[in-house]
Structure formats: structure tokens, C-alpha cells
Amino acid sequence: MVSTSRFRIRTLSRSVAAATFLASATVSANMGNIGTTYGLLPTDIASAQALSMFNTQVSATYYNPAYLAKDPRGELTGGFLHGAHELRAEGADRTGSIVSDRPSQNVLIGMKTNLSSLTRVKHPIYLGFVAGVEKLGKELLAFNSETSNSGQFLTYERQPLFLNLGGATTLWRGIDAGFATRITLHSEASLSATTDLAGNTQYESLSVNAKPSIRTILSTSIDLGETLCPDSDCFLDGFETAFVYRSSSNTRTTVEANTVIPGLIPASDPLQFAISTYDSYQPTVYAVGLQYSASDWRVGLTLEQQNWSDLEDEFAGDDIKDQAAAQFDDILIPRIGGEMKLGDTFGVTAGLAFQPTALKSTSTQDVNYFDNDKYIVGLGLSAEYKRTRILAYPVRLDLGYQYQMLQERDFTISTTDPDASNNGTVVSTDGDVHVFSGSVTLKF
């Protein structure tokens, strides 16, 4: 009887593993995405996302789609991102402190254009999209959901497919409105097989379906000087404000497996297994930003509220993480950044942010999540060449660097695994993250 039970578990594990692999292209992933964890383009990374709500590049599609209307020119952008992590946990049960040092490597592409030429209406309507793919384009999907006896960090490692599509238009003098969608995939896999006691299968049937999950981003931008003082100079000239709402999104995979063993498990009552789990969760975000810009410099301040407490309800329906009983707090992230032009061609960007941890629990049974307060510092360089030998319009080059310092925090390992010897062990976690990014933008 013990042998039969072990066989059932082994056969079922193979079935689930096969279905999950085909449905999700399983690799290491996390509860974040490049837009919220690091920043999309070098300007976003260098300003610690403080200037992202006032960025005229295609990343506005995610941070503030209304700002697509700020620059009437179209543009095509290509870029890359390399995130190097050293995430550490020290405790009595460990021979080494490094939990993860696998890098995240993304390639990005984006485009913005004016669609008014397609209609009889002369009022400008701008469309933009931005996409990011992990491991320099070799991984379209990055998904992993698992328990861990040693611990795992909440928001780092490889990032899943990033896809945003949005548009903007001007409503009134100095007031622009934007709408965008954040697109993630929800996958479903169904596997059935007949097998013998040696594990040889036949009559297999596997089906995989994936459907997009479309979530909303709404925003508005107001040029206070143009709106309130259109015909005269006033103290509001140069001031802009923006408001953004991003609804929550996630990546989900559901797997159902049925196994029949002739003479032991009949087809009328097959061995069944079903699992539904989440990854790459992005909370609901409310953000407000204020920018002042002069002729050669600008400075911006952003306050961003992320409602992570909603993740508790998602975990309650997660067949892998439900036993963790994890508790999350809503957090407020202040960001400040500035940019200065150095002549007609070059510019320097810098930013600073503080992101408190959203994970309230210091012990999450079997899942053992780690998350820390972090200080974020960014620095970047841009160069815009207004005239080139070949192209009729400007070309912009950007480089960005960001450093994230994870503050030390203690967690208690909690596991129900009878073979684990570290249950109740206290570990001290911290880490360093270095992010490098570059992009080329063609105006048209």
C-alpha cells in the first residue's frame, strides 16, 4: 500500500510538472515587474521613477499615459535592462548567506504615434505601446510559484512579459487625459493519461489555453500655467501636476491532471489533482506627481500608494501559498528626482526614493517570503542629437544606473516539512541590487 501511494504521488507529480511547464514556460519569477521594481527606460531608472509621470518617452504608457500628448512627435525606442542582485539571508542553519544572485535581463521596445491622420478629425490622438521580454528576448514568459524551506524574496529575480498599450488626447488648454491597459496572461492546462505501475503512460491528452487579462490605467496631466494663466505670465508657469490610477494585475496558472491505472484506478474514478496559483502580482496604485521645469532644469516629486493588502485575498485562493497566512500592508512611496541640461545636447538625471516593505508578516508558513525596506538611488546621462548625417529627426541616447539597498530585517523560518531541521530558525536578511539600462530613441 505504501508503494502504491508513493507511485500515485510520483505519477501525479510528473503530470503536473509536464502540464505546468507547457503552460507557463517555468523559470524563476516573482511578485513584481520591471515597471514597478526598477523602472522601464533609463530616465525612469535614473530618477528612481520620480520623473516617470512626466516622461515624454513611450514609458509614459505605463506611468502616465496622458503625458503621451505632451510631445507631438512620434518615436520608436529600443532598450535593454540588466538587474544584478545579491540577496542575502544569514542564520544558524546556513553555510552561505546568498539566497539569490541570478540577474534579470530585459529587452524593451516601444512606439508612439499620432493617429489623427487616420481620421477626419484634426484633434490629435496619440497611441503608444511598450513591451519587455526577459533574458534578452529568450523568455516570453517567466513564471514560478513554490514553497521554500530556506526562504525566497518577494519581488526580485527574473521578470515576466511586460506589455502595455494606451492612448492620450488633450481635453482643454493644458489638460491631457490618458487611458492604457496592462496585459498579463492567465493560463490553463489540462492533462489526462493512462499509466501502468512502472510509470509508462499511454492515451495521453494535453490541452493548454492562455487568455489575456486586461487591466486599466487612467491618468490626467495638468499644466497649471497654461490652464490658469493662458494669456499672461504668472507664478504657476512651469508647474505641472499629474494623477494616475493603475488597477491590480497578476499572472495566473491553473493545472488539472487526471491519471488512470488499469486494475487499480478506474477511468470512472481517476486520480485527480487541481492547482491554481498566482505570480507576478502588481497592486492597485494611486499616484500624484508635481513637477517644476525651467529652461535648463526640472525637478519632480511623486507620492505613490500601493495597495498590497489586496494580495491577502489572492493568496487565500492560491493552492500553493494559502497556508502561508501572509499579511500585507498598503505602502506609500515618496520619490524625488531632477534633471539638468548640459548645453544643447547632454543632460544629467538623478533620483532618490524610499520604499517600505509591503510584507507585514515575519513568518509565512512553508512559503517563507522575505521582503525589506529599501533605499533607491539613481543616476543617468542622456544625449539628444538634433541633426545627424542620415536621419531627418533627432536621435536620443540614454544610460541609467540604479542602486537599491535592502535594509536588514529578521524573519523566522516556518515549515511543516518533517524532513526540515530549520523550523523556527531566525534569519537576518538584506541585499544589494544594481540596475544598468540603456536605450536609443528615434524621433519622427
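In this report, the structure presented in the accompanying data block is examined. Small disclaimer: the values here were computed from a predicted structure and weren't measured.

## A word on empty space enclosed by the protein
Empty space among the atoms becomes visible once a probe the size of a water molecule is rolled across them.
Working step 1: Counted according to the given criterion, the structure contains five cavities of 30 Å³ or more.
Working step 2: The calculated volume of the largest cavity comes to roughly 110 Å³.
Working step 3: Along the wall of the largest cavity there are 13 residues; nearest its centre are Thr-36, Thr-37, Thr-155, Trp-308 and Gln-355.
Working step 4: Class assignment for the residues of the lining of the largest cavity results in five nonpolar, seven polar and one charged.

## Let's talk about the state of the cysteines
Two cysteines whose sulfur atoms are joined by a covalent bond form what is called a disulfide.
Working step 1: A complete count under the given rule lists one disulfide for this structure.
Working step 2: In this model, Cys-229 is linked to Cys-234 through a disulfide, with the two sulfur atoms separated by 2.1 Å. An S-S torsion of about 95 degrees defines the bridge between Cys-229 and Cys-234 as right-handed.
Working step 3: What makes Cys-234 partly exposed here is its relative accessible area of 21%.

## Regarding the packing of aromatic side chains
Working step 1: Within this structure, the stated rule accounts for 15 aromatic pairs.
Working step 2: With a centroid separation of 6.2 Å and 20 degrees between ring planes, the pair formed by Phe-315 and Tyr-369 is classed as stacked. Pair noted here: Phe-315 is in helix α6 (residues 311–316) and Tyr-369 is in strand β16 (residues 369–370), with a separation of 54 residues, a long-range link.
Working step 3: An angle of 40 degrees between the planes, with centres 5.2 Å apart, marks the rings of Phe-370 and Phe-411 as tilted. Residue Phe-370 is found in strand β16, and its partner Phe-411 is found in strand β18 (residues 395–412); the two are separated by 41 residues along the sequence.
Working step 4: Classification of Phe-370 as buried rests on a relative accessible area of 1%.
Working step 5: Feature note: the residues Tyr-281, Trp-308, Phe-315, Phe-328 and Tyr-369 constitute an aromatic cluster, connected by ring pairs.

## A short note on the pattern of salt bridges
Working step 1: Enumeration according to the criterion identifies 13 salt bridges in this entry.
Working step 2: For the salt bridge of Lys-443 with Glu-75, the shortest nitrogen-to-oxygen distance reads 2.8 Å. With a gap of 368 residues between them, Lys-443 in strand β19 (residues 426–443) and Glu-75 in strand β1 (residues 75–90) connect regions that are remote in the sequence. Comparing Lys-443 with Glu-75, the two get one shared label, buried.
Working step 3: Here Arg-298 and Glu-339 are joined by a salt bridge, their closest N and O atoms 3.0 Å apart. Here Arg-298, found in strand β13 (residues 297–307), pairs with Glu-339, found in strand β14 (residues 331–342); they are 41 residues apart in sequence, far enough to count as distant.

## Some details on the nonpolar core
Working step 1: In terms of nonpolar packing, the biggest core is built from 52 residues, with Leu-40 and Phe-328 touching the most fellow members.
Working step 2: Contact partners of Phe-328, with chain neighbours within four places excluded, come to Leu-154, Trp-308, Ser-309, Leu-311, Glu-312, Phe-315, Ala-358, Leu-359 and Lys-360.

## Considerations on the environment of His-123
Working step 1: Mapped onto the elements, His-123 comes out in the loop between β3 (104–114) and β4 (125–134).
Working step 2: Assessed through its relative accessible area of 35%, His-123 is described here as partly exposed.
Working step 3: For the pair His-123 and Thr-169, spaced 46 residues apart in sequence, the C-alpha to C-alpha distance is 8.1 Å.
Working step 4: With residues near it in sequence (within four places) discarded, His-123 still touches Ser-116, Thr-169 and Thr-170.
Working step 5: Here the side chain of His-123 touches Thr-170 through a polar contact of 2.7 Å, landing on its backbone oxygen.

The rules we used
Residues numbered from 1 in each chain as written. Predicted model: local features only at pLDDT ≥ 70, side-chain atom pairs only at ≥ 80, totals over all residues. Heavy atoms only, no water. 1 Å grid on protein atoms, 1.4 Å probe; cavity = no way out; pocket = protein on both sides within 12 Å on 5 of 7 lines; lining within 4 Å. Points joined across faces, edges and corners; volume = space filled by probe spheres on them. Nonpolar A, V, L, I, M, F, W, Y, C, P; charged D, E, K, R; others polar. Disulfide = S-S within 2.5 Å. Buried < 20%, exposed > 50% of the residue type's maximum accessible area, 1.4 Å probe, protein only. Phe/Tyr/Trp six-rings, centres within 6.5 Å; stacked < 30°, edge-to-face > 60°. Helix = DSSP H or I, 4+ residues; strand = E, 2+ residues; numbered from the N terminus. Salt bridge = Lys/Arg side-chain N within 4 Å of Asp/Glu carboxyl O. Core = buried A, V, L, I, M, F, W, Y, C linked by side-chain atoms within 4.5 Å. Contact = heavy atoms within 4.5 Å. Polar contact = N/O pair within 3.5 Å; in protein donor to acceptor, adjacent residues only side chain to side chain.

Coordinates in, geometry out; function isn't part of it.
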